[in-house]
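Observations on the three-dimensional arrangement
Each chain, letter by letter, is given below.
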Amino acid sequence: MKLWGGRFEKSTASFVDEFNASITFDQKLYKHDIMGSIAHAKMLAKSSIITKEESKKIIEGLKEILADIEAGKISFQIELEDIHMNIEKLLTDRIGEVGKKLHTARSRNDQVAVDIRLYLRDEIINIKQSLKNLLGSLIEIAKEHIDTVMPGYTHLQRAQPITLGYHMMAYFQMFQRDYDRLDDCYKRLNIMPLGAGALAGTTYNTDREFLREELGFFSICENSLDAVSDRDFVIEFVNASAMIMMHLSRFCEEVILWNSKEFNFVEMDDSYSTGSSIMPQKKNPDVAELIRGKTGRVYGNLINLFTIMKALPLAYNKDMQEDKPPLFDTVENVKACLEIFNEMLKTMTINKDSMRKATKEGFMNATDVADYLVKKGLPFRSAHEVVGKMVLYCIQKGKSIDDLTIEEFKNFSSIFTEDILDVIKIENCIASKVSQGSTAKASVERMIDKAKEFVDKL
Ligand code: ARG
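Remember, it's a predicted structure, so these values are computed and weren't measured experimentally.

Before going further, it helps to spend a moment on empty space enclosed by the protein. In this structure the tally under the stated criterion is 2 cavities of 30 Å³ or more. Lining of the largest cavity is provided by Lys-2, Trp-4, Thr-12, Asp-17, Asn-20, Ala-21, Ile-78, Glu-79 and Glu-81. Its residues assigned to classes, the lining of the largest cavity comprises 3 nonpolar, 2 polar and 4 charged.

Position of Ile-340 relative to the elements: it lies in helix H12 (residues 324-347). A C-alpha to C-alpha distance of 9.9 Å links Ile-340 and Ser-130, two positions 210 residues apart in sequence. Those residues within four positions of Ile-340 in sequence are excluded, and the remaining contacts are Tyr-272, Val-287 and Ile-291.

Here we come to the nonpolar core. Grouped together as the largest cluster of nonpolar side chains are 111 residues, with contacts concentrated most on Phe-237, Leu-248 and Leu-327. Counting residues in each nonpolar core, the second largest holds 18 residues, with Ala-370, Val-387, Ile-420 and Ile-424 among its members.

In the structure shown here, the tally under the stated rule is 14 aromatic pairs. An aromatic cluster is defined as three or more aromatic residues linked by ring pairs; in this entry it consists of Tyr-153, Trp-258, Phe-263 and Phe-265. When the ring centre of Phe-217 is taken as origin, the NZ or CZ atom of Arg-121, which lies over that ring, is 4.8 Å away.

When you line up the elements, Met-364 lands in the loop between helix H13 (352-358) and helix H14 (366-375). Residues Met-364 and Leu-3, spaced 361 residues apart in sequence, show a C-alpha to C-alpha distance of 73 Å. Leave out the neighbours within four places in its chain, and Met-364 touches Pro-151, Gly-152, Arg-158, Ala-159, Gln-160, Pro-161, Ala-358 and Thr-359.

Where strand E1 (residues 149-154) meets strand E2 (residues 157-163), 6 bridges bridge the pair, whose relative direction is antiparallel. By the bridge assignment for E2, Pro-151 is matched with Pro-161. Between E1 and E2, which pair antiparallel in sequence order, lie 2 residues; one of them, His-155, sits at a positive phi of approximately 55 degrees.

Attention shifts here to helix H6 (residues 108-144). For H6, which comprises 37 residues, the first-to-last C-alpha distance of 54 Å matches the rise-based estimate of 54 Å (1.5 Å per residue) to within 8%. Taken across its 37 residues, H6 has 26 buried, putting it largely inside the fold. The N-terminus of H6 is capped by Ser-107, whose side-chain oxygen sits 2.8 Å from the backbone nitrogen of Asn-109.

We now examine the pattern of salt bridges. Taken as a whole and judged by the stated rule, the model has 37 salt bridges. Its salt-bridge partner being Asp-93, residue Lys-89 comes within 3.3 Å of it at the nearest N-O pair. Within this pair, Lys-89 and its partner Asp-93 are both found in helix H5 (residues 83-95), separated by 4 residues, close to a single helical turn. Arg-181 is paired through a salt bridge with Asp-178; the nearest N and O atoms lie 3.1 Å apart.

The interhelical angle for the contact between H6 and helix H7 (residues 164-189), taken along N-to-C directions, is 165 degrees, at an axis separation of 9 Å. Between H6 and H7, the angle falls in the class roughly antiparallel. Note that H6 runs across H7; the crossing there is left-handed. The residue makeup of the contact of H6 with H7, split by class, is 21 nonpolar, 2 polar and 7 charged.

In the numbering used here, UniProt assigns the feature "domain: Argininosuccinate lyase C-terminal" (unreviewed entry) to residues 363-431. Span residues 363-431 is 65% helix and 0% strand, its end C-alpha atoms 17 Å apart.

Turning our attention to unusual backbone geometry. Of the consecutive residues Leu-314 and Ala-315, the connecting peptide bond is found in the cis state with omega at 0 degrees. Topologically, Ala-315 is positioned in the loop between helix H11 (286-309) and H12. Even without being glycine, Asn-264 reaches a positive phi, approximately 55 degrees. With respect to the secondary-structure elements, Asn-264 resides in the loop between helix H10 (232-258) and strand E5 (266-267).

The next subject is the UniProt feature "domain: Fumarate lyase N-terminal" (unreviewed entry) in the protein. According to UniProt, the positions carrying the feature "domain: Fumarate lyase N-terminal" (unreviewed entry) are residues 6-300. For residues 6-300, the end-to-end C-alpha separation is 40 Å, with 61% helix and 6% strand making up the annotated structure.

For the rest of this paragraph, the subject is the layout of surface pockets. Considered as a void within the structure, the largest pocket measures approximately 630 Å³ in volume. Taken together, 26 residues make up the lining of the largest pocket; nearest its centre are Gly-152, Tyr-153, Ile-162, His-167 and Glu-254. When residues in the lining of the largest pocket are grouped by element, the largest group, 7 residues, is from H7. Its residues assigned to classes, the lining of the largest pocket shows 14 nonpolar, 8 polar and 4 charged. Here the second largest pocket is characterised by a volume of approximately 280 Å³. If you go around the second largest pocket, you meet 14 residues; those closest to its centre are Ala-159, Phe-363, Ala-366, Thr-367 and His-384. Within the residue set of the lining of the second largest pocket, elements represented by two or more residues are E2, H14 and helix H15 (380-397).

Rules used throughout
Residues numbered from 1 in each chain as written. Predicted model: local features only at pLDDT ≥ 70, side-chain atom pairs only at ≥ 80, totals over all residues. Heavy atoms only, no water. 1 Å grid on protein atoms, 1.4 Å probe; cavity = no way out; pocket = protein on both sides within 12 Å on 5 of 7 lines; lining within 4 Å. Points joined across faces, edges and corners; volume = space filled by probe spheres on them. Nonpolar A, V, L, I, M, F, W, Y, C, P; charged D, E, K, R; others polar. Helix = DSSP H or I, 4+ residues; strand = E, 2+ residues; numbered from the N terminus. Contact = heavy atoms within 4.5 Å. Core = buried A, V, L, I, M, F, W, Y, C linked by side-chain atoms within 4.5 Å. Buried < 20%, exposed > 50% of the residue type's maximum accessible area, 1.4 Å probe, protein only. Phe/Tyr/Trp six-rings, centres within 6.5 Å; stacked < 30°, edge-to-face > 60°. Lys NZ or Arg CZ within 6 Å of the ring centre and 35° of its normal. Pairing = 2+ DSSP bridges. Expected span 1.5 Å × (residues − 1). Polar contact = N/O pair within 3.5 Å; in protein donor to acceptor, adjacent residues only side chain to side chain. Salt bridge = Lys/Arg side-chain N within 4 Å of Asp/Glu carboxyl O. Axes fitted to C-alpha atoms, helices over the stretch in contact; angles between N-to-C directions. Parallel < 35°, antiparallel > 145°, perpendicular 65-115°, else oblique. Left-handed = near helix turned anticlockwise from the far one by under 90°. UniProt positions renumbered as here; feature names shortened; annotations may be inferred.

Now the structure itself:
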């Protein structure tokens, strides 16, 4: 029954059949496998390796199989190992002897390599669309909150006032780079291994240029040994995905903190929160926590793939069959996380007042006071010292810098004049950040303009 059974005297142990098989997971590739086979069958006829009638029969058979799989009419067989041999067997069962000609000038090694590339090409397009949606949402929130004041942190300690619009645009930059990384990965992925044969090329006068055109690849793998051995495009994709997950996870961590009573900066919508089985009052940000958690899976998948590939001699080795579970898991997770995160973000309520209130404590205008003294002639290190003493004084008196009178200011340095009282207002601290790329409104507007330009072109 085995398609390769000729040289064997005994059949495989049923345990080995099960162990060896990938059909339980690689059936996901059915559409792309058939797509590759149809192109291959066309090419075989065009190159006069099989007749036009034979090719036509094969293609019709494959199309019927595709429709039947889609209609849920097919049950795959573990004894036939993988999606490639399941489909080939279905084909010969349906169209007879001529089906056995499909695998001429082809090996499962170039077949599986082309299947994964075709599959991943489609999925990268899907993920790029989800990223685009998220980029659009970030622009919307940034526009709406270009004047919403909040604390900016380092070490999770209040550092300097910024706006929520600015904060959102920081994430925009990260996800924009992620988008570029996927584009870049696509460039190297969209190169065709089909026609490489098992490892050495084939003895047939095939037309790989025709195949390339038919399947929409940018170019053809230059070296057939490399074409069937390489999975670095999978690793590159999972790496780009790990980066997306890392960014999502940081964002989720912030949103989880912001959603706590301690911060109270945001409130997740009920539809993106869950309750507790014991504590009736609870409303938990499970969605954000799960995205943070699933990031671990994708990192794990990356290490998994690197480890599978690390010591494989050229060319194909069965170890490589293990590339699919981590790849599929990554694709499913990154797609789901991007989609759900975007919705969660769009439905979350932003408590502007709490954010603003949080900027009042924590001496967030201390650097601005130091800069004021510098502009009036004091070296920065000396100004830092003066303001440090002021902060200590405020802590001891239980005051904020804003509570100090001009007389108190003057006690720390004779340089201070009335205008300091204006300089320390939170809105002014933000507006005075004149450097390119700062949190000031004009600067964030510029970011938003450039961001829109980027998204509109996608
Ligand atoms: N199921 C195999 C895989 O996913 C297909 C390639 C098998 N090739 C071979 N020579 N055994 O890697």
